[in-house]
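# Survey of secondary and tertiary structure
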Amino acid sequence: MRTAYTTCPLCEATCGLELTVEGDRITAVRGDREDRFSGGYLCPKGASLGALDADPDRLRTPLVRRGGTLEPASWDEAFALVDERLGDVIAAHGRDAVALYLGNPNVHSLAGGLYAGALRKAAGTRNVFTASTLDQMPKHVACGYLYGGIFTIPVPDIDRTDFLLLLGADPFSSNGSLWTVPDAPGRLRALRRRGGAFVVVDPRRSRTAAAADEHLPIVPGTDVFLLLGMVNELFAASLVDLGALAPHVAGVDAVRALSEPFTPEAVAARCGIAADGIRALTHRLAAAPRAAVYGRIGTTTVEFGTVASWLVDVLNVLTGNLDRPGGAMFPLPAHGRRGTGSGPGFTTGRWRSRVRGLPEVAGELPVVTLADEIETPGPGRVRALVTVAGNPALSAPNSARLDAALSTVDFMVSVDPYLNETTRHADVILPPPPPGRRAHYDLAFLALAVRNVAKYTRPAVPLGPDERDEGEILLRLTGIFAGLGPDADLDALVGLSGESELTREERLLDARLRSGPYGLSVADLLDRPHGVDLGPLTSRVPEVLRTPSGRIELCPEPIAADVPRVLAALRAPSDGLVLVGRRHLRSNNSWLHNVPALVKGKDLCTLLVSPADAERLGLADGSAARVTSRVGEVEATVEVSADMAAGVVSLPHGWGHDRPGTRLATARAHPGVNVNLLTDDLAVDPLSGTAVLNGVPVVVTPARTAPEPHRTTAHAGTAHATTTAQ
Ligand SMILES: Nc1nc2c(c(=O)[nH]1)N[C@H]1C(S)=C(S)[C@@H](COP(=O)(O)OP(=O)(O)OC[C@H]3O[C@@H](n4cnc5c(=O)[nH]c(N)nc54)[C@H](O)[C@@H]3O)O[C@H]1N2
Ligand SMILES: Nc1nc2c(c(=O)[nH]1)N[C@H]1C(S)=C(S)[C@@H](COP(=O)(O)OP(=O)(O)OC[C@H]3O[C@@H](n4cnc5c(=O)[nH]c(N)nc54)[C@H](O)[C@@H]3O)O[C@H]1N2
Ligand code: SF4
Ligand SMILES: [Mo]
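Remember, it's a predicted structure, so these values are computed and weren't measured experimentally.

## Section: helix H20 (residues 504–514)
Considered for burial, the residues of H20 that qualify are Glu505, Glu506, Arg507, Leu508, Leu509, Asp510 and Leu513. Buried residues belonging to H20 abut helix H4 (110–123), helix H18 (470–481), helix H19 (490–493) and helix H21 (522–526).

Structure below.
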């Protein structure tokens, strides 16, 4: 029996874990109280790391399709088949005929962080898709234009602020996103204890909203109007004060001009927040000595995602809160680099998608158009698909259509530990090891952390003889794409030669740490399994900027060009019921529902309906409702909830584990319904290509049929699936 330390990779909070290991089993998981950053915080997902490791459904060997069924195979056989079949597609139809889909856990692993780029490059296809266009791409685009770099994303300095305005985020459930903040609930409570305050804007009284000083229920999809109203008021009341930032900002007057039509009175009815309330909020923000505005899912996966994401930063700049302690600051991680103060800037549209002509953003195309590219005949049609750590059959909009399209590709390979709703379509599944069996350093999230910290840990449990590290899997695929076959020299692929005491990943990380701002090394971090605290965030403007002008471009032309669309929408209010999503502490997107401890108890996948709507629509608590949108319909169990604003219903995503051909025994017993049978693949934020997953128009009626527990009817290939949940 021994103790090992690691970092939980399940969400973005990077909690330090203390694992008890017996042989090759993880027998206990605790929050690591010595962890320099998370201080012992742990949530139910992190606590399930041992169960995840022991999950009997987790794949331990590759699967290869033989005569229609997926059967265990050796790694050699699996890679040889991938080499042959991908080679055939590329030879016959060219590189664009192979699509890549990279899902969320890619950014949670060292392998994904180090090698996904090489894989994309070697694939050489324009058809790269990632979960970013179901998520945070609007923030990348906004920051790309504002600061010149898509990863130049400021985070609220939560431990030193006096006032936080949170829009469309529920960190009490999600534990923070694009904001690495272990124990967000504890830090938000500490903010109030020291006399500060936080306000939450959300159509639902989320757990975070319930703990806030003030909750402002907003009409879904309308944060853009509220934020423009606040910008307008800052100028009108002469509250604009850039402070030390002033010499580094261009375009303030242009922002003022753009915001002119959006007075608090003009936007109030549209966003559902009274003009007086908008004014009071603006004055409160401006008056706080140190404050930050933060927006997440409810501000990104919406109709005006990029404009709203931009406005969040505009407010931080106009109130002088960007880049100052207690405001919104730019982390400087140990593997990062100081900038030079200017750069080439950011642009999109270097190519367009073949069918819908949607612009490339950050080297990828929008997931909303993946099905189009598979279904539509002609040169450049997608005929093969590689998925890595993704479950688009559940996570992408109009997923019935995408799910049907996946079954038609000539060849599909998935790097994934589960045979699930997506990978059931694969010809080859290559399973990586679970979190306890891999080395960890958080390349993505340490660059978004509220303190500068660093931590590297080796695998807590060694790999079994038949297991392959995900780094090796990704590099073998890279070698195959590069035309070097499945047995390429993997070190050479990433530019390494010679011998070392360190693993391949450690050598690459070591090089980045040594050339980083603190001159650390992997050896330094191996000596400190609880991490190294490198101090609070420090001001980085202008060094951090990579715009050609060397200034913050507060009014980027492409964003300004989208504001007329906002104005048109202001004048054309829509009524009718709309659907939003939500998250729960015990759930993680689509893939932790096979862990018994996380799905036991109350059904997490219910349709939340306000008491007023329930009454009006004749829906009783616990009854079945039929929810219909432009693209499909589902039947879900109603939960009448006073937390919901009237006119809004909520269903979480990641559910719908009732598809045939998966190997997820526990999840199948708690299937829930797939909300993305309702979300619309034609609804997109045009500047970022991001799907509109919140604010989806729906019609809700009592289900015609009496609910029959556990019954599921699905018509494959159509947009109709009916599930009567327990
Ligand atoms: N309606 C609606 N839809 C949404 C959202 C929403 O709010 N509402 N949220 C969106 C967001 S923010 C996101 S990020 C996406 C997520 O969308 P995806 O990234 O497509 O899906 P996930 O559910 O995260 O599934 C992750 C997959 O990776 C596998 N996996 C887990 N760990 C590993 C690993 O270490 N390596 C590898 N190779 N595979 C692994 C899992 O088995 C699973 O198949 O969903 C989006 N979809
Ligand atoms: N437990 C858990 N943690 C997670 C995840 C998970 O699935 N489960 N997923 C991880 C991932 S991939 C991500 S991207 C992050 C997301 O992190 P968050 O953005 O904090 O995610 P949510 O909890 O979905 O919070 C979004 C909130 O926006 C509200 N909302 C919906 N529409 C609107 C709108 O139009 N305007 C406003 N103002 N609010 C709106 C919803 O009611 C909801 O409360 O969470 C990460 N952490
Ligand atoms: S909050 Fe996130 S990182 Fe921390 S234990 Fe839970 S899932 Fe893991
Ligand atoms: Mo996400």
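Don't stop here, the text continues.
## Topic: the site of ligand 3
Looking at ligand 3, the residues that line it are Cys8, Leu10, Cys11, Ala13, Thr14, Cys15, Tyr41, Cys43, Lys45, Gly46 and Asn175. A breakdown of the residues in the shell around ligand 3 according to their chemical character gives seven nonpolar, three polar and one charged.

## Quick word on the UniProt feature "domain: 4Fe-4S Mo/W bis-MGD-type" (unreviewed entry) in the protein chain
According to UniProt, the positions carrying the feature "domain: 4Fe-4S Mo/W bis-MGD-type" (unreviewed entry) are residues 1–57. Across residues 1–57, helical content stands at 18% and strand content at 35%; the span's end C-alpha atoms are separated by 25 Å.

## Details of the pairing of strand S3 (residues 25–31)
Two faces make up the sheet, and in a regular strand the side chains alternate between them. In terms of strand pairing, strand S2 (residues 16–22) meets S3 through six bridges, oriented antiparallel. The residue of S3 that forms the bridge with Leu17 is Gly31. The hairpin turn running from S2 into S3, its antiparallel successor, is two residues long, and Gly23 in that turn takes a positive phi close to 60°.

## Looking at the site of ligand 2
Lining the immediate environment of ligand 2, one finds 31 residues, of which Ser174, Asp202, Gly221, Asp223 and Ser587 sit closest. A distance of 3.2 Å separates a nitrogen atom of ligand 2 from a polar backbone atom of Gly168. Take Ser587: an N or O atom from its main chain is 2.6 Å from a nitrogen atom of ligand 2. Protein contact buries 98% of the 910 Å² of open area that ligand 2 shows by itself. Classifying every residue of the shell around ligand 2 gives ten nonpolar, 13 polar and eight charged. Residue contributions to the shell around ligand 2 reach at least three from each of two domains, namely domain 1 (157–324 + 540–565) and domain 2 (576–714).

## Structural notes on the environment of Thr222
Mapping Thr222 onto the fold places it in the loop between strand S11 (214–216) and helix H9 (223–236). Excluding anything up to four places from it in sequence, Thr222 contacts Arg270 and Cys271.

## Regarding the sheet that holds strand S1 (residues 2–7)
By way of backbone hydrogen bonds, the strands of a sheet pair with one another, either parallel or antiparallel. Taken together, three strands build an open sheet; the order of strands is S1-S2-S3 and the sheet is antiparallel. A single partner strand is all that each edge strand has here, and the edge strands are S1 and S3. Averaged over all neighbouring strand pairs, the angle between strand axes comes to 30°, with direction disregarded.

## Quick word on the packing of aromatic side chains
Under the criterion given, the structure shown has five aromatic pairs. Where Tyr145 meets Phe346, the ring centres are 4.9 Å apart and the plane angle is 75°; that geometry is what we call edge-to-face. In this pair, Tyr145 is assigned in helix H5 (residues 137–147) and Phe346 in the loop between strand S14 (328–329) and helix H15 (370–375), connecting sequence segments 201 residues apart. Side by side, Tyr145 and Phe346 carry an identical accessibility label, which is buried. Between Phe225 and Phe304 the ring centres are 6.2 Å apart and the planes differ by 65°, which places this aromatic pair in the edge-to-face class. With Phe225 in helix H9 and Phe304 in the loop between helix H13 (297–300) and helix H14 (305–318), the pair connects residues that are 79 residues apart, well separated along the chain.

## Here's the deal with H9
Here H9 is 14 residues long and its end C-alpha atoms lie 20 Å apart, about the 20 Å a rise of 1.5 Å per residue gives. Ser238 lies just past H9 and shows a positive phi near 55°.

## Focus: the pattern of salt bridges
Applying the stated criterion to the full structure yields 43 salt bridges. Across the salt bridge formed by Arg192 and Asp213, the nearest N and O atoms sit 3.2 Å from each other. Of this pair, Arg192 sits in helix H7 (residues 184–193) while Asp213 is found in the loop between helix H8 (207–211) and S11, placing the two residues 21 residues apart along the sequence. Looking at Arg192, the relative accessible area reads 37%, which means it is partly exposed. You can call Asp213 partly exposed: its relative accessible area is 32%. Taking the shortest distance from any N to any O, the salt bridge between Arg284 and Glu214 comes out at 3.2 Å. Of this pair, Arg284 sits in helix H12 (residues 275–287) while Glu214 sits in strand S11, and the two are 70 residues apart along the sequence.

About the thresholds
- Residues numbered from 1 in each chain as written.
- Chains lettered and ligands numbered in written order.
- Predicted model: local features only at pLDDT ≥ 70, side-chain atom pairs only at ≥ 80, totals over all residues.
- Heavy atoms only, no water.
- Buried < 20%, exposed > 50% of the residue type's maximum accessible area, 1.4 Å probe, protein only.
- Helix = DSSP H or I, 4+ residues; strand = E, 2+ residues; numbered from the N terminus.
- Contact = heavy atoms within 4.5 Å.
- Near = heavy atom within 4 Å.
- Nonpolar A, V, L, I, M, F, W, Y, C, P; charged D, E, K, R; others polar.
- UniProt positions renumbered as here; feature names shortened; annotations may be inferred.
- Pairing = 2+ DSSP bridges.
- Polar contact = N/O pair within 3.5 Å; in protein donor to acceptor, adjacent residues only side chain to side chain.
- Areas by Shrake-Rupley, 256 points an atom, 1.4 Å probe, with all protein chains shown as cover.
- Domains from an automatic or database assignment.
- Axes fitted to C-alpha atoms, helices over the stretch in contact; angles between N-to-C directions.
- Phe/Tyr/Trp six-rings, centres within 6.5 Å; stacked < 30°, edge-to-face > 60°.
- Expected span 1.5 Å × (residues − 1).
- Salt bridge = Lys/Arg side-chain N within 4 Å of Asp/Glu carboxyl O.

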